[in-house]
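# Structural description and commentary
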Amino acid sequence: MITLKLLGLWLKLTGFTVLAVILEGVLIRGFWWTVLAIIVTVLVHIGLTVGIWKEWRAERNGAGTYQIIHYTRD
């Protein structure tokens, strides 16, 4: 269940990142400013992806040390 929750979170994050990159390409007129904004957005996405992956790995190993997400039992 934890895998599906984290996969869903990652898919939402990726969708928002794609939407942000598209909006940056449309709204920012200068080429280099657009490239800079896209690079920052992608770096934030990579950082959050690494955090989600560490959360998943810690939870799968039973450590539970990286608590990015609060889980409730169903």
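In what follows, the accompanying structure is described. (Residues numbered from 1 in each chain as written. Predicted model: local features only at pLDDT ≥ 70, side-chain atom pairs only at ≥ 80, totals over all residues. Heavy atoms only, no water.)

### Notes on the overall build of the protein chain
- A tally of helices and strands in the protein chain yields two helices and zero strands.
- The buried share of the protein chain, reckoned over its 74 residues, is 18%.
- Taking contacts inside the protein chain between residues at least 6 apart in sequence as the whole, the part at least 24 apart equals 52%.
- Total accessible area on the protein chain stands at roughly 5,800 Å², and carbon and sulfur atoms take up 72% of it. (Helix = DSSP H or I, 4+ residues; strand = E, 2+ residues; numbered from the N terminus. Buried < 20%, exposed > 50% of the residue type's maximum accessible area, 1.4 Å probe, protein only. Contact = heavy atoms within 4.5 Å. Areas by Shrake-Rupley, 256 points an atom, 1.4 Å probe, with all protein chains shown as cover.)

### Describing the environment of His-45
- By secondary structure assignment, the location of His-45 is in helix H2 (residues 31-61).
- Sequence separation between His-45 and Trp-10 is 35 residues; the distance between their C-alpha atoms is 9.5 Å.
- Setting aside residues up to four positions removed in sequence, His-45 forms contacts with Trp-10, Leu-13, Thr-14 and Thr-17.

### A few points about H2
- Over its 31 residues, H2 extends 45 Å from the first C-alpha to the last, a length consistent with the 45 Å expected when each residue adds 1.5 Å.
- Of all the positions in H2, only Thr-34, Ala-37, Thr-41, His-45, Gly-51, Ile-52, Glu-55 and Ala-58 are classed as buried.
- One or two positions beyond H2, positive phi appears at Gly-62, with a value near 85°. (Expected span 1.5 Å × (residues − 1).)

### A few points about a nonpolar patch on the surface
- A contiguous nonpolar surface patch, about 710 Å² in accessible area, is contributed by Phe-16, Val-18, Leu-19, Ile-22, Leu-23, Val-26 and Leu-27.
- Relative to the assigned elements, Ile-22 resides in helix H1 (residues 2-27). (Patch = residues over 30% accessible without salt bridge, like charges linked within 9 Å, V, L, I, M, F, W, Y side chains within 5 Å. Salt bridge = Lys/Arg side-chain N within 4 Å of Asp/Glu carboxyl O.)

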